[in-house]
Amino acid sequence: SKYDLIIRGGTVVTAADTIRADVAIHAGRIVAVADRLSGGTREIDAGGLLVMPGGIDSHVHLAQPAFGGPAMADDFESGTRSAIAGGTTTILPFALQPRGASLRQSVLDYHKEADGKSYCDYGFHLIISDPTPSVLGQELPALVADGYTSFKVFMTYDDLVLNDRQLLEVFDCARDCGALVMVHCEGYDAIRFMTEKLERAGKTAPYYHAASRPASVEREATHRAISHAELVEVPIMIVHVSGREPMEQIRWAQQKGLKVYGETCPQYIALTADDLKGLNMDESGGKYVCSPPPRDRASWDAIWEGIRTGVFQTFSSDHCPFFYEGNQGKLNPKARTSFRWVPNGIPGVETRLQILFSKGVVEGRITLNDFVALTSTNHAKMYGLYPGKGSIAPGFDADIVIWDPNRKETIRQELMHHGADYTPYEGIAVTGWPIMTILRGKLVAEEGRILGTPGRGRFLKRSLSPFAEPRHS
Ligand code: URP
Ligand code: ZN
Ligand code: ZN
Ligand code: ZN
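As the structure is a prediction and not an experimental result, all values here were calculated from the model. (Residues numbered from 1 in each chain as written. Chains lettered and ligands numbered in written order. Predicted model: local features only at pLDDT ≥ 70, side-chain atom pairs only at ≥ 80, totals over all residues.)

1. Some words on the overall build of the chain
Part 1 of the reasoning: Of the regular secondary structure elements, the chain holds twelve helices and 18 strands.
Part 2 of the reasoning: The dimensions of the chain, computed from C-alpha atoms along their principal axes, are 70 × 55 × 40 Å.
Part 3 of the reasoning: Taken over 473 residues, the chain has a buried fraction of 58%. (Helix = DSSP H or I, 4+ residues; strand = E, 2+ residues; numbered from the N terminus. Buried ≥ 20, exposed ≤ 12 C-beta atoms within 10 Å, placed from the backbone.)

This is the structure we're talking about:
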């Protein structure tokens, strides 16, 4: 027959439009979006459901090296299984360069972890921890040309932090290569100072993780990153923005006409620092330790303000899973001695869409089209996957999530497909849930059942981001 698959009778939502239409798929691509299509080998009845571009999660950590701490709870198999179960069809995890290592070798190592083991499509951002002359002069430009067109730098963490001079060198290199730089904005020295001060006072419970890196620390680093980017005239993406103060720095830069972009995450509209208190100031609080830490309810409002007014372009999970229980868990014996040793990061690749849909669309803060832009289209545009990924139109990959906007569910660990032994969103009631996930025309997840296979996911070589183009003056 003419088409491999027709998705019939749904409401097709893109970043621009909401229309009742059938979607025809052939050879993994969308070939028609129209009224009453016929001639499909297979049909899916999407009556009463939304048909949206599969989620693209541009901030995911899988199988990163442990630097002496506990290993991550997800490898590519479990992490991408969790992604498709949650309606996400493309992820962009990080290929981390440990200090002293070749960037190219690090990328090869991640391909070994991912290739043949992924349920969804994937590309890699690079993490630059050691910007030597040969990394910036040769390896990085060559990798950008090979489709690794974005990279992340850190302003904190012992094993990753770059000083201001190094940040400027990397920014300058990004400008020359046309790559997009993502920046983790928290000030290293301030965090170290606060950490040691809290520890001296015996304040070592997980809760003090949040106290050791308050909003001012994030605001200062955000401002510093913006100033450095202005100096070398390079666009930057400020990732995982937690609340009002850094949001306002980004808005200020955008209003000046600088190309500064923003990303935020579910933890900053669904969790607060109080969650880190746990029950006894030393127990389940470790489950919520991530950086920047979740703040307070007023910060949720600030994040929504940033989402609604376009300060943020992308809503990503920052999925970075660790076990909670056991010797490899967040509260391993060493981590019990101080929050400093609790590994930073929480799982969330499977629950990103539900949280934004429920709190955003259902509660009336954003439109359906905003939802698609924030979870898929803008990620594709920002990171060189567009066109091809991120919309429902002829010529795009048939990456689709079929979504029940009325389904009520309570997020809980037993529903999850990730490797971690908990979800930080346990008990959160949501409306809206993925019913089917389609990857390049194949049904890969349905109602929590995994139908795809590890190895169906493909590596995506990415184009240069149009957003990385320096401002023309
Ligand atoms: O705590 C977090 N977010 N861990 C992941 C690494 C990062 O900084 O994104
Ligand atoms: Zn064919
Ligand atoms: Zn980060
Ligand atoms: Zn991250």
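Okay, back to it.
2. A look at the packing of helix α3 (residues 133–145) against helix α4 (residues 164–177)
Part 1 of the reasoning: The contact between α3 and α4 brings their axes to 10 Å, and the two run at 45°. As summarised for this structure, α3 and α4 are arranged oblique, according to the angle between their axes. Between α3 and α4 lies a crossing of right-handed hand. Contacts between α3 and α4 involve L136, L140, P141 and V144 on the former and, on the latter, E169, V170, C173 and C177. (Axes fitted to C-alpha atoms, helices over the stretch in contact; angles between N-to-C directions. Parallel < 35°, antiparallel > 145°, perpendicular 65-115°, else oblique. Left-handed = near helix turned anticlockwise from the far one by under 90°. Contact = placed C-beta atoms within 7 Å.)

3. Describing the site of ligand 1
Part 1 of the reasoning: Taken together, H61, H184, H240, C290, S291, D318, C320, N344 and G345 make up the full set of residues near ligand 1.
Part 2 of the reasoning: Of the residues that constitute the shell around ligand 1, the class distribution is two nonpolar, six polar and one charged. (Near = placed C-beta within 6 Å. Nonpolar A, V, L, I, M, F, W, Y, C, P; charged D, E, K, R; others polar.)

4. What about the packing of helix α11 (residues 352–362) against helix α12 (residues 368–382)?
Part 1 of the reasoning: One way to put it is that α11 packs onto α12 with a least axis distance of 10 Å and a crossing angle of 150°. On the basis of their axis angle, the class for α11 and α12 is roughly antiparallel. α12 is crossed by α11, and the crossing has right-handed handedness. The residues of α12 that touch α11, namely those facing R352, L353, L356, F357, G360 and V361, are L368, F371, L374 and T375.

5. Describing the UniProt feature "modified residue: N6-carboxylysine" (unreviewed entry) in the chain
Part 1 of the reasoning: Residues annotated in UniProt with the feature "modified residue: N6-carboxylysine" (unreviewed entry) correspond here to K152.
Part 2 of the reasoning: Note on placement: K152 falls in strand β10 (residues 150–154).
Part 3 of the reasoning: Its 21 C-beta neighbours within 10 Å are what place K152 among the buried residues.
Part 4 of the reasoning: What K152 contacts, discounting residues up to four positions off in sequence, is F94, H125, I127, M182 and H184. (UniProt positions renumbered as here; feature names shortened; annotations may be inferred.)

6. Quick word on the environment of T431
Part 1 of the reasoning: Mapped onto the elements of the fold, T431 is located in strand β16 (residues 429–439).
Part 2 of the reasoning: Taking C-alpha positions, T431 is 8.6 Å from D404, a pair spaced 27 residues apart along the chain.
Part 3 of the reasoning: Apart from the residues within four sequence positions on either side, T431 is in contact with S358, V362, N406, R407 and K408.

7. Side note on the nonpolar core
Part 1 of the reasoning: Core analysis: the biggest nonpolar cluster contains 149 residues, and V23, V51, V170, V181, V183, I238 and I402 have the highest contact counts within it.
Part 2 of the reasoning: With seven residues, α12 is the largest single contributor of residues to this core.
Part 3 of the reasoning: The residues touching V51, leaving out its near neighbours within four places in the chain, are I7, G10, T11, V12, V13, V23, A46, I392, I400 and I402. (Core = buried A, V, L, I, M, F, W, Y, C linked by C-beta atoms within 7 Å.)

8. Section: the pairing of strand β6 (residues 55–60)
Part 1 of the reasoning: The element β6 is largely enclosed, with a buried count of six among its six residues.
Part 2 of the reasoning: Both β6 and strand β7 (residues 88–96) contribute to a ladder of four bridges, which runs parallel. The residue bridging G55 from the neighbouring strand is T88, located in β7.
Part 3 of the reasoning: What joins β6 to β7 is helix α1 (residues 76–85), and the crossover it makes is right-handed. (Pairing = 2+ DSSP bridges. Right-handed = clockwise from strand over helix to strand, strands pointing away.)

9. Considerations on unusual backbone geometry
Peptide bonds are trans in most cases, and residues, glycine excluded, mostly fall at negative phi.
Part 1 of the reasoning: Of note, the amide linkage connecting S291 to P292 takes the cis form, showing an omega dihedral of -10°.
Part 2 of the reasoning: Residue placement: P292 occurs in the loop between α9 (267–270) and α10 (297–308).
Part 3 of the reasoning: Positive phi, normally seen in glycine, also occurs at R36, with a value near 45°.
Part 4 of the reasoning: Within the element layout of this structure, R36 appears in the loop between β3 (29–34) and β4 (40–45).
Part 5 of the reasoning: Overall, R36 belongs to the exposed group, with 9 C-beta atoms counted inside 10 Å.
Part 6 of the reasoning: Non-glycine residue D318 carries a positive phi angle of around 50°.

10. Some thoughts on α4
Part 1 of the reasoning: Here α4 contains 14 residues, and its C-alpha end-to-end distance of 20 Å stays within 8% of the 20 Å for a straight helix at 1.5 Å per residue.
Part 2 of the reasoning: Burial in α4 covers these residues: L167, V170, F171, C173, A174 and C177. Viewed end-on, α4 has its buried residues packed into an arc of 160°, placing them on one side of the element. Residues of α4 that are exposed and point over 90 degrees away from its buried face: D164 and R165. (Expected span 1.5 Å × (residues − 1). Arc of directions from axis to C-beta.)

11. What about helix α7 (residues 215–232)?
Part 1 of the reasoning: In this model, α7 (18 residues) spans 26 Å end to end at C-alpha, consistent with the 26 Å of a helix rising 1.5 Å per residue.
Part 2 of the reasoning: Looking only at α7, the buried set comprises V217, E218, R219, A221, T222, A225, I226, H228 and A229.
Part 3 of the reasoning: Tucked inside the fold, the buried residues of α7 contact α4, β11 (180–184), α5 (188–200), β12 (236–238), α8 (244–255) and β13 (260–264).
Part 4 of the reasoning: Following α7 by one or two positions, E233 has its phi on the positive side, about 55°.

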